[in-house]
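# Architecture and fold: a report
What follows is the residue order along each chain.
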Amino acid sequence: MSGAPGGKACRRTGKPAIADNLTASGNREPAVVPDSSGRSAPCGHATDKPLYAARSGGNAVPGQGRQGSRQRGRFKALGLRLARRFCLLTAVFFGITLVSFTVIHLAPGSPVDLETSLNPLVDPEAKEHFEKLYGLDKPLYERYILWVSKLVRLDFGTSFSSDRRPVLEKIGERLPLTVGMNAISLVLTLLIAIPMGCIAARRRGGWFDRSTTLLVYIGFAMPSFWLALLLLLHCSIELRWFPLSGLTSLHFESLDAWGKIKDVAWHLALPIFVYTFGALAGISRFMRSSMIDALRQDYIVTARAKGLSDTAIVFKHALRNALLPVITLLGLSLPGLIGGSVIIESIFGLPGLGQLFYTAVMTRDYPLIMGNLVIGAFLTLAGTLLADLCYGLADPRIRSGGPDKEDGA
Amino acid sequence: MNPVATRQTHDAPRNAGEGEAPLPSQPNDGKACRPRRRGNPAVRKNVSPAVRASARLLRKYWMLWLGLSLVGLAFLAALLAPVIAPFDPNQQKLATDLSTIFQPPSLLHPMGTDSLGRDVFSRLLYGARVSLWVGLVSVGIATLIGVTLGLVAGYFGGLVDEAIMRAVDVMLCFPAFFLILAVIAFLEPNLFNIMIIIGLTSWMRVTRLVRAETLSVRRREYVAAARLAGAGTGRILIRHILPNVIAPVLVSATLGIAGAILTESSLSFLGLGIQPPLSSWGNMLLEGKQSLEIAWWLSVFPGMAILLTVLGYNLLGESLRDLLDPRSR
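For every chain, the first residue of the written sequence is number 1, and numbering continues from 1 onward in sequence order. For naming, the first written chain is A and the first written ligand is 1, with later ones following in the order written. Local features in this predicted model are restricted to residues whose pLDDT is 70 or higher, and side-chain atom pairs enter the listing and the counts only when it is 80 or higher, whereas totals over whole chains, interfaces and linings include all residues. The side-chain numbers reported here are obtained from all heavy atoms of the structure, hydrogens and water having been left aside.

### Notes on the overall build of chain B
Inclusion rule: A run of H or I in DSSP becomes a helix once it reaches four residues, and a run of E becomes a strand once it reaches two; helices and strands are each numbered from the N terminus. Three labels apply to residues, based on accessible area from a 1.4 Å probe with only protein chains included: buried if under 20% of the type maximum, exposed if over 50%, partly exposed otherwise in between. We call two residues in contact when some of their heavy atoms are within 4.5 Å. Accessibility throughout is a Shrake-Rupley quantity obtained with a 1.4 Å probe, and a residue counts as covered only by protein chains that appear here.
The helix and strand tally for chain B stands at 14 helices and zero strands. Tracing chain B from N to C terminus, the helices and strands come up as α-α-α-α-α-α-α-α-α-α-α-α-α-α. Counting all 329 residues of chain B, 48% fall into the buried class. A fraction of 71% describes how many contacts in chain B between residues 6 or more apart in sequence connect residues 24 or more apart. Taken as a whole, chain B presents about 16,000 Å² of accessible surface, with 64% of it coming from carbon and sulfur.

Below, the structure is given as structure tokens:
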């Protein structure tokens, strides 16, 4: 009776779902089954092949015997697709720079005003001198062209702040912390959210599903900074388990290499927990619904009919297909992660990109703000492209150069 | 099962009025009581069905009810703030009486007082106004832009569609929070600017949604019929297409309010949102952070208010989705 709960869900939705899928997926995703079964022998689909090829009949891709040449063709199609995406994303990238440059420079309150308005001794000439120094005396479009032409050569200009250091250098020393923290928490999130979503989907309506649903709703509604405050209140102030803020302890320099790693990890534990909790809700919920969809497909019915165990069905057959939408979601959630770093870094006093951006905004440091926006946009787009690549690798339909999937909301 | 016990449980609702609805599983528990229940239809027909039906409705739509009541609570707090609030939210007693600052929760101050001796509960009630204003107005702006662009893109297609959707792509790839921060810091951070800017940076999803719906609706026969009847483009868009695409928009708007409230409180928490002395839940948390080690109540209650309100909107949105879109059930 191990298959009972899954079987129940299937019985409830089973018949109409199958009928739907035959018509819907017949049109939209013509090559589903033969493709995934053809190349995923380790996943156990191979045995389904004859059954499915027969069942989906006209939908099967002809010429399965010539696997080799098809494979090459597929990767070529993937390359083409990626190249197209790359061009599009480059255009998007320059769109982003144009919008942010215009918005930032048109907004009232120039850095010159900030430095001079409080000083009664400053005369108009000095102001003009400042404007010339910062290059603010030229018209907007000229400034943009100048800025872009420098950007292409990876020259982000120098910061307006008193240290006058190159923007790239300033960002470069902050970037590893922010990206590293986001990467670690992303991995953690995936490690927790994927099994969580799978199990919740398998026993839909069971106690696990219900308790994770509750957790998800709380996770959605919980402001990350409040969670951080509560954790600080409880774990740092009351229990004194974790430090209040900062990246390293005072005696950091005197520690050996292992001690340094431990010290940083000790300081980063809470921030990473906050990041992870914030991302967990969305991804596990999405994983759940995507897994529920996957479990309605025909090949799951077959696998079940074949007598496979529930675990094998969920984690081997359905997981691969259920993961596809999650990959897209990951790409889309990157801007949020980067934006969230401003808040989390400011609470925990971490010297990351978000904090740098905050300071830049407060001092109206145009080159630094633009540099941050560019880096943020670049990371986001790179993430999107990477998600696209993973999608292509995981889904043979994309590789075979089918029509672009409509990425609706 | 003990017949006496079952009789008692079935008699209980009659005695207690509408106290508890008998669970549907109860009649099957003991066969002994079944004839008795059939013999007394008054119990079942007059009291139980209504109670049972409402209990079933309550159970079936618990998400909707919970969401509605949480949102309703927030609205009540906002509307009745001057009536309920025990103190003036900006009344400071620091100058006259030092002992009034940082008081822990008590009967007089249910949520304590802050660093200036202001009553946290009163400030919380007034803070609800900010949150709801920001949520409603910014989502209103976003929905207006999103619906217009989505309708235009979906109905006209071609180059217009391409241009609008590429703009959506650009905006979606934006690290939006960065941009909001920068713009808010440059403009003056106040309620008006925050509402506008959150609205201007969150219309993309609505656009996609409306465009996708419009694409399918515009091929329907009634649209063709309207055109044959001589309706102009504007009329077709507004009278025939808009009403048929509005359901998912409603859902996304409800969820959008939750997002906008979170964004506003994040901004205020960074000191770039609502400026004191005007209270918002975000800037109350900022004050809480500054005195985290001495006054826990300053950080706990405003956050709870945000959590419950956002939770309310999320639940409302999700249950609206379930009600309006049978496919997702």
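### Observations regarding the interface of chain A and chain B
Filter applied, for reference: Once two parts are brought into contact, the accessible area they lose, counted with a 1.4 Å probe and summed over both, makes up the buried area. Polar contacts, as counted here, are pairs of nitrogen or oxygen atoms within 3.5 Å of one another; within protein the pair requires one atom able to donate a hydrogen and one able to accept it, and residues that are adjacent in sequence qualify only if both atoms are side-chain atoms. In the scheme used here, Gly and all other residues not listed as nonpolar or charged are polar, with Ala, Val, Leu, Ile, Met, Phe, Trp, Tyr, Cys and Pro taken as nonpolar and Asp, Glu, Lys and Arg as charged.
Between chain A and chain B, the residue contacts involve 49 residues of the former and 44 residues of the latter. Interface area, chain A with chain B, both sides summed: about 4,300 Å², of which 80% is carbon and sulfur. For the pair chain A and chain B, the interface holds three residue pairs in polar contact (both at pLDDT 80 or more). Counting residues per element, the ones that place at least two in the side of chain A that touches chain B are helix H4 (67-106), helix H9 (207-221), helix H10 (224-238), helix H13 (310-348), helix H14 (353-362) and helix H15 (366-394) of chain A. Of the residues assigned to the side of chain A that touches chain B, the class counts are 37 nonpolar, seven polar and five charged.

### Remarks on the side chain of B:Thr214
Its place among the elements puts B:Thr214 in helix H10 (residues 204-217). Among residues more than four places away in sequence, those in contact with B:Thr214 are B:Gly150, B:Leu151, B:Gly154, B:Tyr155, B:Ile241 and B:Val245.

### Regarding helix H6 (residues 120-156) of chain B
Put simply, the rule reads: Helices are assigned an expected span. That span is 1.5 Å times one less than the residue count.
For H6(B), spanning 37 residues, the distance from its first C-alpha to its last is 53 Å, which sits close to the expected 54 Å at 1.5 Å a residue. Just downstream of H6(B), B:Gly157 is the residue with a positive phi angle, here 65 degrees.

### A word on the pattern of salt bridges
Residues and elements named next belong to chain A. Put simply, the test is: Salt bridge criterion: a side-chain nitrogen from Lys or Arg within 4 Å of a carboxyl oxygen from Asp or Glu.
In total, this model carries 12 salt bridges over all chains according to the counting rule given. As a salt-bridge pair, Glu-169 and Arg-165 come within 3.3 Å of each other at their nearest N and O atoms. Using a relative accessible area of 23% as the deciding quantity, one classes Arg-165 as partly exposed. A salt bridge links Arg-304 to Asp-310; the nearest nitrogen and oxygen atoms lie 3.7 Å apart.

### Quick notes on the packing of aromatic side chains
Residue and element names in this part refer to chain A. Our working definition: Stacked, edge-to-face and tilted are the three classes for Phe, Tyr and Trp ring pairs, Trp counted by its six-membered ring, which pair at centre distances within 6.5 Å; planes under 30 degrees apart are stacked, over 60 edge-to-face, the rest tilted.
Scanning the model with the defined rule gives 11 aromatic pairs over all chains in all. Ring centres 5.5 Å apart and planes at 80 degrees place the aromatic pair Phe-93 and Phe-94 in the edge-to-face group. Measuring from ring centre to ring centre gives 5.4 Å for Phe-101 and Trp-147, while their planes differ by 40 degrees; the resulting arrangement is tilted. With a gap of 46 residues between them, Phe-101 in helix H4 and Trp-147 in helix H7 (residues 140-152) connect regions that are remote in the sequence. Like Phe-101, the residue Trp-147 is buried in the burial classification. Joined through ring pairs, the aromatic side chains of Phe-101, Tyr-144 and Trp-147 make up one cluster.

### Some remarks on the nonpolar core
Here is the rule: Think of a nonpolar core as a cluster: buried Ala, Val, Leu, Ile, Met, Phe, Trp, Tyr and Cys residues, connected wherever their side-chain atoms sit within 4.5 Å.
Of all hydrophobic cores here, the largest spans 132 residues; its most connected members are A:Phe348 and A:Ile369. Looking at this core, the element that brings in the most residues is helix H14 (residues 297-324) of chain B, giving 12 residues. When sequence neighbours within four positions are dropped, the list of residues in contact with A:Ile369 reads A:Ile104, A:Phe357, A:Ala360, A:Val361, A:Arg364, B:Ala182 and B:Phe186. Formed by 21 residues, the second largest nonpolar core is a distinct cluster that contains A:Ala201, A:Ile283, A:Met291 and A:Leu330.

### Considerations on helix H13 (residues 281-290) of chain B
Counting buried residues along H13(B), eight of its 10 residues qualify, which places the element largely inside the surrounding structure. Buried residues along H13(B) sit in contact with H10 of chain A together with H6, helix H12 (233-269) and H14 of chain B.

### Description of the environment of A:Ala387
Residue and element names in this part refer to chain A. Residue position: Ala-387 is located in helix H15. When its relative accessible area of 12% is taken as the criterion, Ala-387 is described as buried. As a C-alpha pair, Ala-387 and Arg-165 span 222 residues in sequence and 34 Å in three-dimensional space. Not counting the four nearest positions on each side in its chain, Ala-387 is found in contact with Ile-327 and Gly-331.

### A few points about the confidence of the model for chain A
All names here are of chain A. Rule in force here: Residue-level confidence of the predictor is summarised by pLDDT, bounded by 0 at the bottom and 100 at the top.
For chain A, per-residue confidence averages 72 on the pLDDT scale, and 72% of positions sit at 70 or higher. By mean pLDDT, the top-scoring element of chain A is H9 (88), and the lowest-scoring one is helix H2 (residues 32-39) (34). Long-range and interchain partners of residues 1-65, a stretch whose pLDDT sits below 50, account for 74 contacts in this model, where long-range means more than four residues apart. For residues 401-409, every residue scores under 50 in pLDDT, and the model assigns this stretch 11 contacts once sequence neighbours within four places are set aside.

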